[in-house]
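Coordinates in review
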Amino acid sequence: MDTFLGYPRPHGRAGTRNYLAVIPTVFCANEVAMAIAKKFKRARPLLHHQGCAQLKPDSDRVTRTLITLGANPNVGGVLLIGLGCESVSLQEVYQGLKDRGQKVEKVLIQGIGGMKKAVKRGIELAGKLDQSLSRMKRKPVPANHLAMGIKCGSSDTTSGLVSNPATGKASDLLLAGGGAVIFGETTEFIGAEHLLARRAASGQVASQIIHIVTCMEDRVKAMGFDMRGGNPTPGNIRGGLTTIEEKSLGAICKSGSMPIDGVLEYGESIPGKGLFVLDSPGKEAEIMAGLSAAGANIIVFSTGGGAPQGFPIVPVIKVAGNPAKVRVMKDHIDLDASGVLTGQTTIDEVGQRIYNVLLAVGSGKKVKAETLKYDQTVEIYTTGPTI
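Predicted model, so just to flag it, every value in this text is computed and none were measured. (Residues numbered from 1 in each chain as written. Predicted model: local features only at pLDDT ≥ 70, side-chain atom pairs only at ≥ 80, totals over all residues. Heavy atoms only, no water.)

**Overview of the overall build of the protein chain**
Within the protein chain, the regular secondary structure consists of 14 helices and 14 strands. Expected size for 387 residues packed as a compact globule is a radius of gyration near 21 Å; at 20 Å, the protein chain falls within 12% of this value. In the protein chain, which comprises 387 residues, the share counted as buried stands at 58%. By element, 55% of the accessible surface of the protein chain is carried by carbon and sulfur atoms, the whole surface being about 15700 Å². (Helix = DSSP H or I, 4+ residues; strand = E, 2+ residues; numbered from the N terminus. Rg over C-alpha atoms; globule rule 2.2 N^0.38 Å. Buried < 20%, exposed > 50% of the residue type's maximum accessible area, 1.4 Å probe, protein only. Areas by Shrake-Rupley, 256 points an atom, 1.4 Å probe, with all protein chains shown as cover.)

**Some words on the sheet that holds strand 2 (residues 13–15)**
Read from one edge to the other, the open sheet built from 3 strands follows the order 2-1-7, with strand pairing classed as antiparallel. Strands with a single pairing partner mark the edges of an open sheet, and in this sheet they are strand 2 and strand 7 (139–142). Between one strand axis and the next, the sheet turns through 80° on average, direction left out of account. Where strand 1 (residues 3–9) lies against strand 7, 4 bridges are found, and the strand directions are antiparallel. Bridging from a neighbouring strand, F4 pairs with V141 of strand 7. (Pairing = 2+ DSSP bridges. Axes fitted to C-alpha atoms, helices over the stretch in contact; angles between N-to-C directions.)

**Overview of the layout of surface pockets**
By rolling a water-sized probe across the atoms, one finds the places where empty space is left. Reported here for the largest pocket is a volume of approximately 690 Å³. Every residue lining the largest pocket is counted, 24 residues in all, and those nearest its centre are Y19, K41, R42, R44 and K366. Here the lining of the largest pocket is composed, by residue class, of 9 nonpolar, 4 polar and 11 charged. (1 Å grid on protein atoms, 1.4 Å probe; cavity = no way out; pocket = protein on both sides within 12 Å on 5 of 7 lines; lining within 4 Å. Points joined across faces, edges and corners; volume = space filled by probe spheres on them. Nonpolar A, V, L, I, M, F, W, Y, C, P; charged D, E, K, R; others polar.)

**Structural notes on the packing of aromatic side chains**
Enumeration according to the criterion identifies 2 aromatic pairs in this entry. When the ring of F183 is compared with that of F189, the centres are 5.8 Å apart and the planes differ by 55°; the resulting orientation is tilted. Using a relative accessible area of 0% as the deciding quantity, one classes F183 as buried. Given the relative accessible area of 1%, F189 is considered buried. (Phe/Tyr/Trp six-rings, centres within 6.5 Å; stacked < 30°, edge-to-face > 60°.)

What follows is the structure, encoded as structure tokens:
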């Protein structure tokens, strides 16, 4: 059985990284979280713009997502920073993490007397958590402890021809070995949702796939727009994609060919091994937060134009099949798949290479986004108005 060097966690999971997550429960606490995180090499602040002035469905989603982000297997400990008057309850997030067996501490800015006191106390608590993390060592763990999130972005014609299907081959390899895979971007199922539904492991899962696409379209129609009648983004059009259906047919290739075992709400964690759909948008920061909250400990990002984004707590492997863009954006591309177009390699061979890179990055090899620190952005997907 294939293995990688990971950090064993409870419940048969393993981290590919060992971070101290400093998580504000509301955007008003971002500066305090940043000030504390700067003091520790292993600390990663998850700065976001949510947590208050939201209707209950969205505040509930933010609460759930903060809990599941803090429980990601790449996180060895959590420091929560609350303000004291926000919609999201610091205590609820704290208890949610405790219930999942996570090491967690908390600081309330208004309760302790302002920023200076909160930073001082936060550094004390973070120091204790960091000491605990320093004692954790990488150990050989089975490859089926990998949970791969999949994303595509800045797509062009080579995405559907090369990098997406190659990523799908890597997905099949990981699933065949008993791992977990999560993919989303519901807007990029439109026009191809029936093909995904055919792969559902049950009638219920098939119905859920159709349902999330219908709901996404209904929200767009309520704003007076029709996605099926519209074109992709300007960057997609420049890359040779002309319709949403054309984009979707290329996008769903990244999920491979295995049966789909379930559909997740945004902020929900995977229940175990297998292939799961995450109901999510395509916007990079929002879907990568959703994939990480679902439990992905590594992400493969297929890109045509060379999207540079990473994510604070999960390494993001960039795969590209466009020869010109690989040359221009070489500082951001981890795996060059353009040889498929020139006949130097095959989709199957690139899929195996992606799988091999999963094991290497899972064992600690840094991706380009980590080296460049192009991995600081977090956004949580919400649907309602602010109040």
